[in-house]
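In case you want the letters, here they are:
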There are 2 protein chains.
Amino acid sequence: MTSIKDIAKRAGVSVSTVSRALNNYQDVNPQTREKIIQLARELNYFANAAAKSLVQKRSYTIGVFFGDQMNSGFDHPFFLEVISAVREVAGNAGYDLLIFTNSNKNRATYTTLCRERGVDGVFLILTGEGKKKNEQLVELQESGIPCVAIDLPLEGERCSYVESNNYLGAKKAVNYLLGLGHKKIAFIGGDEIGKLSFDRLYGYKAGLSEGGIEIDSDLVNLGYFSEEKTKEATKTVLNKHKDITAFFVASDSMALVVIETLIENGYRVPEDISVIGFDDIKEASQHKPALTTVRQSKYVMGSEAIHLLMKIIDEATYRPYPVVVPCELIIRETTAPCKK
Amino acid sequence: MTSIKDIAKRAGVSVSTVSRALNNYQDVNPQTREKIIQLARELNYFANAAAKSLVQKRSYTIGVFFGDQMNSGFDHPFFLEVISAVREVAGNAGYDLLIFTNSNKNRATYTTLCRERGVDGVFLILTGEGKKKNEQLVELQESGIPCVAIDLPLEGERCSYVESNNYLGAKKAVNYLLGLGHKKIAFIGGDEIGKLSFDRLYGYKAGLSEGGIEIDSDLVNLGYFSEEKTKEATKTVLNKHKDITAFFVASDSMALVVIETLIENGYRVPEDISVIGFDDIKEASQHKPALTTVRQSKYVMGSEAIHLLMKIIDEATYRPYPVVVPCELIIRETTAPCKK
DNA sequence: TAAATTTCCGAAAACGTTTTTGGAATCTGT
DNA sequence: ACAGATTCCAAAAACGTTTTCGGAAATTTA
């Protein structure tokens, strides 16, 4: 490994001059600089990031936590697309991404892990269980480490989050169903702990209310983003309400299960019952019939999140606020006018 | 940030003693050690990774390159599952993952990027264009940096790769088709540059030969893993050979396109024509009808790859060899006995 | 031409660790 | 009680940078 010393020796100057030359300081003779740059190229020199970060206290690295604390894997519903955006824009700004593996050997917290690695900021994209606000999250929030989360209401001096407009998205779905003439609309929600689940439920209720429909709490059931629970919830609704004509489901993956269950029970989609999902995952458009759904702009979310994070990193005085990304209703084949 | 110095001061010992105490050296008095550990806990101390890696020349970080050089994104067909395995086993061994963003600002190569960040090893999972062996790959291969790739035949002192047994997998598919009585079996391949594509083609040919069927090069077409090209290739076959009864396709995503095209042209799957894919991506099982395919064990591939990499890192004398993971034929609904 | 200014560069400290070396203190055996 | 062995620890160098400070040389100004 060729170091700054090697260059200094060859160029006949001091290491400090080499450093200044390579970092575009102004107080260095153009010819000297040229010689040094030339030498650096020849010797295939690249600065040692560890040494740099040691003195600068800047690593040009963004830490990423995802999945839950149990290290269960890359199972966020749209982890891929979000992280892809993050990677792209962070990359253009000169950052690399450090994926924490949560090695369970040492029981370090988010905060200590970040400090240990010296990341400039941290990006959180957690699933289910991770979303319970726990001490670790609070610690991180108060640590002063710049941090941005997806779908997880973090707020602090240097903390913020990005989410979809789940409330309005849900309302759009319900409005559309109402416009098709549906009156008995069941809701299969997520869980009781996530803000996201709450907002979608709230949007559902608001949509119905504004449409002049009374809310029947029997029509609201939770699927917990799990296949079995969703199936169960669907059956519960079906048994109690033979006259149901539409389902609004809080995630596409659950919506697909709902459709499956419906078909197993002899219903046709959308002829007998309409179904709307949420997320617009890949499978939604590939499914037969293609799923009508509320699309989350995953790329936009990722991009907004990382821009936000970089702003927090760069501007010491910036006081961040949450970013709410609009949703779009994507009409496909699982919705039809109500016949009853 | 509390450093080793703070602890030393408080404990009334030297920094070297603190370091030795914390790193389980034997020549330190049990009581001293206890006091130091206690203090470290109280002060919430964690070692600065940069400083550590500077002196140790070990970062406990594994670099990850994925996508092509154009920074096109996380588009490897099963990036997620492989990287999930990598993360899990690397995490248990104490490594974090550094995702290189290929910031195109500086035109650094794989090798310099790795040296700069001081990663202990590097993991490559590239798509299409990245697979052309280029100078960067050669440089990396010869750099002495431990490195393991997926589906990319890297070989060197400290380099290796993991792949599926594409040859045998393809043969299994053809054998199965032959067993169902099919004699006219078309092949939609990938491209001309990947070893993977070559092996699958070779397996197809071997399968036919062993079954006593003459190979008709008209039946072999490439889809280049693209929707349009695949559609085109399918139509070409269909036009020339009205009597075709089965397609073996080199990837699931292409197989799905083939099926779509078949249906558009009035064929039924599997009643008129059987189709077998390759990969077993998520959509394969969810498709109606569910796709018969050759499954690649993605988790196993990732796990084997990272184990291999860690072995190369740890054992200076270890001369690595490629790991070939078996494929499994998953019989679903797109294959049926030949009626002709 | 002397003084003032500017241009350019080197020395050295600092970042937070690990690791080598040597030595003081204690312990062991005789 | 003395030599030798053992136990424990401190000092210091090293890793590869950046950055501050000051100063010599060159240039400008008066």
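Residues numbered from 1 in each chain as written. Chains lettered and ligands numbered in written order. Predicted model: local features only at pLDDT ≥ 70, side-chain atom pairs only at ≥ 80, totals over all residues. Heavy atoms only, no water.

### Let's talk about the domain arrangement of chain A
Parsing chain A into structural domains produces domain 1 (4-47), domain 2 (61-164 + 299-325) and domain 3 (166-295). Centre-to-centre, using C-alpha coordinates, domain 1 of chain A lies 64 Å away from domain 3 of chain A. (Domains from an automatic or database assignment.)

### Notes on the relation of the copies chain B and chain A
Each copy of the sequence occupies a distinct position, and chain B is placed on chain A by a rotation of 180° and an axial shift of 0.1 Å, giving an RMSD of 0.1 Å. As the rotation angle and translation indicate, the two copies are arranged about a two-fold axis. Residue by residue, 100% of the interface of chain B is reproduced at the interface of chain A, so both copies engage with the same surface. (Least-squares fit on C-alpha atoms with pLDDT ≥ 70 in both. Contact = heavy atoms within 4.5 Å.)

### Observations concerning the sheet that holds strand β5 (residues 159-164) of chain B
The 12 strands are arranged β11(A)-β5(A)-β4(A)-β3(A)-β1(A)-β2(A)-β2(B)-β1(B)-β3(B)-β4(B)-β5(B)-β11(B) in an open sheet whose pairing can be described as mixed. Across the chains shown, the open sheet's two edge strands, defined by having one partner strand only, are β11 (323-325) of chain A together with β11 (323-325) of chain B. Pairs of neighbouring strands in the sheet enclose a mean axial angle of 20°, with direction left out of account. Alignment of strand β3 (residues 121-125) of chain B against strand β4 (residues 147-150) of chain B, held across 3 bridges, turns out to be parallel. Across the sheet, the residue bridging to L124(B) is A149(B), located in β4(B). (Pairing = 2+ DSSP bridges. Helix = DSSP H or I, 4+ residues; strand = E, 2+ residues; numbered from the N terminus. Axes fitted to C-alpha atoms, helices over the stretch in contact; angles between N-to-C directions.)

### Quick word on helix α11 (residues 252-264) of chain A
Residues and elements named next belong to chain A. If you check α11, its first and last C-alpha atoms are 18 Å apart, about what 13 residues at 1.5 Å a residue would give, namely 18 Å. Of all the positions in α11, only D252, M254, A255, L256, V257, V258, I259, T261 and L262 are classed as buried. Elements that come into contact with the buried residues of α11 comprise β6 (185-189), α10 (227-240), β8 (246-249), β9 (274-279), α12 (282-286) and β10 (292-296). Of the residues flanking the end of α11, it is G266, one or two places downstream, whose phi is positive at about 90°. (Expected span 1.5 Å × (residues − 1). Buried < 20%, exposed > 50% of the residue type's maximum accessible area, 1.4 Å probe, protein only.)

### Overview of the protein's contact with DNA strand C
Around DNA strand C there are 29 residues in total, and S14(A), T17(A), T32(A), S19(B) and Y25(B) lie nearest to it. Of all atoms in DNA strand C that approach within 4 Å of the protein, 66% are sugar or phosphate atoms. Between N29(A) and DNA strand C, the recorded distance is 2.8 Å, taken from a backbone N or O atom to a phosphate oxygen. A51(B) has a polar backbone atom sitting 3.5 Å from a base nitrogen of DNA strand C. (Near = heavy atom within 4 Å. Polar contact = N/O pair within 3.5 Å; in protein donor to acceptor, adjacent residues only side chain to side chain.)

### Points about the environment of I150(B)
All names here are of chain B. Assignment of secondary structure puts I150 in strand β4. Classification of I150 as buried rests on a relative accessible area of 1%. The spatial distance from the C-alpha of I150 to the C-alpha of K9 is 49 Å, given a sequence separation of 141 residues. Those residues within four positions of I150 in sequence are excluded, and the remaining contacts are V82, F123, L124, I125, V162, M301 and A305.

### With respect to the protein's contact with DNA strand D
With respect to spatial proximity, 30 residues lie near DNA strand D, and among them S19(A), Y25(A), S14(B), N29(B) and T32(B) are the closest. For DNA strand D, the fraction of protein-proximal atoms (within 4 Å) that sit in sugar or phosphate groups is 66%. For DNA strand D, a phosphate oxygen lies 3.1 Å from a polar atom in the side chain of N23(A). Within the side chain of S16(B), an N or O atom sits 3.2 Å from a base nitrogen of DNA strand D. Ranked by residue count, the leading element in the surface near DNA strand D is helix α4 (residues 49-56) of chain A, at 4 residues. For the surface near DNA strand D, the class distribution of residues is 12 nonpolar, 12 polar and 6 charged. (Nonpolar A, V, L, I, M, F, W, Y, C, P; charged D, E, K, R; others polar.)

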